[in-house]
Amino acid sequence: MTQDEQKRAAAQAAIPHIPIGAIIGVGTGSTANYFIDELAKIKHKIEGAVASSEATAQRLSKHGIDVLDLNMVTDIPVYVDGADEITKHLHMIKGGGGALTREKIVSAVARKFICIADQSKLVDILGTFPLPVEVIPMARSYVARQITLLGGHPALRQDFVTDNGNVILDVHGLQIMNPVELETTLNQIVGVVTNGLFARKGADILLLGTDKGIETIT
Ligand code: 5RP
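Everything numeric here is computed off the predicted structure, so don't read it as measured data.

Engineer: Break down the confidence of the model for the chain for me, with residues and values.
Structural biologist: Chain-level pLDDT for the chain is 98 on average; 100% of the residues reach the 70-or-more range. Across the whole predicted complex the pTM is 0.97, and at the interface the ipTM reaches 0.98.

Engineer: Tell me about the site of the ligand, and please be specific about residues and values.
Structural biologist: By nearness alone, 17 residues border the ligand, and S30, T31, D84, G95 and K121 come closest of all. Within the contact set of the ligand, an oxygen atom lies 3.4 Å away from a side-chain nitrogen or oxygen of D81. Here an oxygen atom of the ligand and a backbone polar atom of G97 are 3.3 Å apart. Computed on the free molecule, the ligand has an accessible area of 380 Å², of which 91% lies beneath the protein chains in the complex. The cavity that encloses the ligand is the largest pocket. Split into classes, the residues belonging to the shell around the ligand amount to 2 nonpolar, 9 polar and 6 charged.

Engineer: Describe the sheet that holds strand β8 (residues 153-156), listing the residues and the values that go with them.
Structural biologist: Reading across the sheet, the 4 strands line up as β8-β9-β7-β10 and stay open at both edges, with antiparallel pairing between neighbours. Pairing within the sheet leaves two strands with one partner each, and these edge strands are β8 and β10 (192-195). Strand-to-strand twist in this sheet, taken as the mean axis angle between neighbours without regard to direction, amounts to 30 degrees. As defined by bridge partners, strand β7 (residues 131-135) adjoins strand β9 (residues 167-172) across 5 bridges and the pair is classed as antiparallel. By the bridge assignment for β9, L131 is matched with V171. Packed onto the sheet, helix α4 (residues 100-109) meets β7, β9 and β10 and runs at close to 70 degrees relative to β10. Strand contacts of helix α5 (residues 140-149): β7, β8, β9 and β10, with the helix running at about 15 degrees to β9, the strand carrying the most contacts.

Engineer: Before we move on, could you go through the packing of aromatic side chains and cite the residues and values that matter?
Structural biologist: Throughout the structure, instances matching the rule amount to 2 aromatic pairs. Relative to F198, the ring of F113 has its centre 6.4 Å away and its plane inclined at 80 degrees; by these criteria the two rings are edge-to-face. Of this pair, F113 sits in strand β6 (residues 110-118) while F198 sits in strand β11 (residues 197-198), and the two are 85 residues apart along the sequence. The class of F198 is buried, set by a relative accessible area of 1%. Taking the ring centre of F198 as reference, the NZ or CZ of K94 above it sits at 5.7 Å. Its guanidinium or amino end placed over the ring of F160, R157 lies 5.2 Å from that ring's centre, counting from NZ or CZ.

Engineer: For the layout of surface pockets, give the residues involved together with the corresponding values.
Structural biologist: Roughly 190 Å³ of volume is contained in the largest pocket. Along the walls of the largest pocket sit 17 residues, with T28, G29, S30, D84 and G97 positioned nearest its centre.

Engineer: So what's going on with the sheet that holds strand β1 (residues 23-26)? Residues and values would help.
Structural biologist: Whether parallel or antiparallel, the strands of a sheet pair through hydrogen bonds between backbone atoms. With mixed pairing, the 6 strands of this open sheet are ordered in space as β2-β1-β3-β6-β12-β13. Each end of this open sheet is capped by a strand with a single partner; those strands are β2 (48-51) and β13 (213-217). Neighbour to neighbour, the strand axes of the sheet diverge by 25 degrees on average, direction disregarded. Bridge count for strand β12 (residues 205-210) against β13 is 5 bridges, and the pairing is antiparallel. Paired with T210 across the bridge in β13 is G213.

Engineer: Could you give an account of the nonpolar core, naming the residues involved and the relevant values?
Structural biologist: Soluble, globular proteins show a tendency: their nonpolar side chains are buried together. Among the nonpolar cores identified, the biggest contains 27 residues, and I18, V26, F35, L39, L60, V80 and I116 are the most heavily contacted of them. Listing elements by their share of this core, those giving two or more residues are α1 (3-14), β1, α2 (30-40), β2, α3 (54-62), β3 (76-81), β6 and β12.

Engineer: Can you lay out the side chain of N195 for me, pointing to particular residues and giving the numbers?
Structural biologist: One can find N195 in strand β10. Owing to a relative accessible area of 0%, N195 belongs among the buried residues under this scheme. At a separation of 2.9 Å, a polar atom in the side chain of N195 contacts the side chain of N187. With residues up to four places along the chain from it excluded, the contact list for N195 reads L100, K104, P132, V133, E183, L186 and N187.

What counts, and where the lines are drawn
- Residues numbered from 1 in each chain as written.
- Predicted model: local features only at pLDDT ≥ 70, side-chain atom pairs only at ≥ 80, totals over all residues.
- Heavy atoms only, no water.
- pLDDT = per-residue confidence, 0-100.
- Near = heavy atom within 4 Å.
- Polar contact = N/O pair within 3.5 Å; in protein donor to acceptor, adjacent residues only side chain to side chain.
- Areas by Shrake-Rupley, 256 points an atom, 1.4 Å probe, with all protein chains shown as cover.
- 1 Å grid on protein atoms, 1.4 Å probe; cavity = no way out; pocket = protein on both sides within 12 Å on 5 of 7 lines; lining within 4 Å.
- Sits in = over half its atoms within 2 Å of the grid points.
- Nonpolar A, V, L, I, M, F, W, Y, C, P; charged D, E, K, R; others polar.
- Pairing = 2+ DSSP bridges.
- Helix = DSSP H or I, 4+ residues; strand = E, 2+ residues; numbered from the N terminus.
- Axes fitted to C-alpha atoms, helices over the stretch in contact; angles between N-to-C directions.
- Contact = heavy atoms within 4.5 Å.
- Phe/Tyr/Trp six-rings, centres within 6.5 Å; stacked < 30°, edge-to-face > 60°.
- Buried < 20%, exposed > 50% of the residue type's maximum accessible area, 1.4 Å probe, protein only.
- Lys NZ or Arg CZ within 6 Å of the ring centre and 35° of its normal.
- Points joined across faces, edges and corners; volume = space filled by probe spheres on them.
- Core = buried A, V, L, I, M, F, W, Y, C linked by side-chain atoms within 4.5 Å.

Have a look at this one:
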C-alpha cells in the first residue's frame, strides 16, 4: 500500500468507532481529510461536527455536515485526527499543518482521541519532526531565545499565519525523552499559545495503516 492508501485505510477504520447521533471532533490534515470524506458517507447518522481548523470546517460543510461552534457543545465522544509523529505510548507531535491550538482545544473537550496515521508516523522517540510551537507574534524573538536555552533550534515558519492570527516556530534538533515534561515547560514560556506535543493528554487509540493492514495500538 502507498502512504496515501495507508492514510485512507486508517480513516476508514475510524468509522466503526463513531457513535450514532453524536457530535464528532474532527482534526486537520491529509489523513483527517480522508476521514471527513468517509464521515460524509454516514453523515445522516451523526448530529454534526466540531472542526479544528477553517480548512476542516470548509471541507465538512462542502460535504453537507453541520459544523458546530465548540462553545455550544458540551459532549464530544470522539475526536479523530492525524499526527506528525506518534509513539507506542500514544504521545504525539502535531501541528505540521499549523492547526495545533484548535486541535488541542477540541481534543481536550473530547472523551476519546482516535489517532489515524500511516506507518511512517510511528517512531520510538519524538523529535525528528520539528516541533511546532504557536506564538503570539510580538513574542516571537523572546520565545525563540527561551527555546534555544532549552537546546532547541527554532525556525520561523515562513509565510504562515495560524487561524488564530499567530506565528509558528518549528523547533529542530530535539530528542524528546520526556514529552510530558517538555510539553509543560514550553507552555510556561510567556508568549507561547500552544506547543505541538500531545503527551499530557495523548491519543487513546492509534489506528495505523501498514503494509499488512490496520494495526490497532491502545
Ligand atoms: C495538522 C496536524 C496533522 O494532524 C498532522 O500534520 C498530520 O498531517 P497529515 O495527516 O497530512 O500527515 O497536526 O496541524
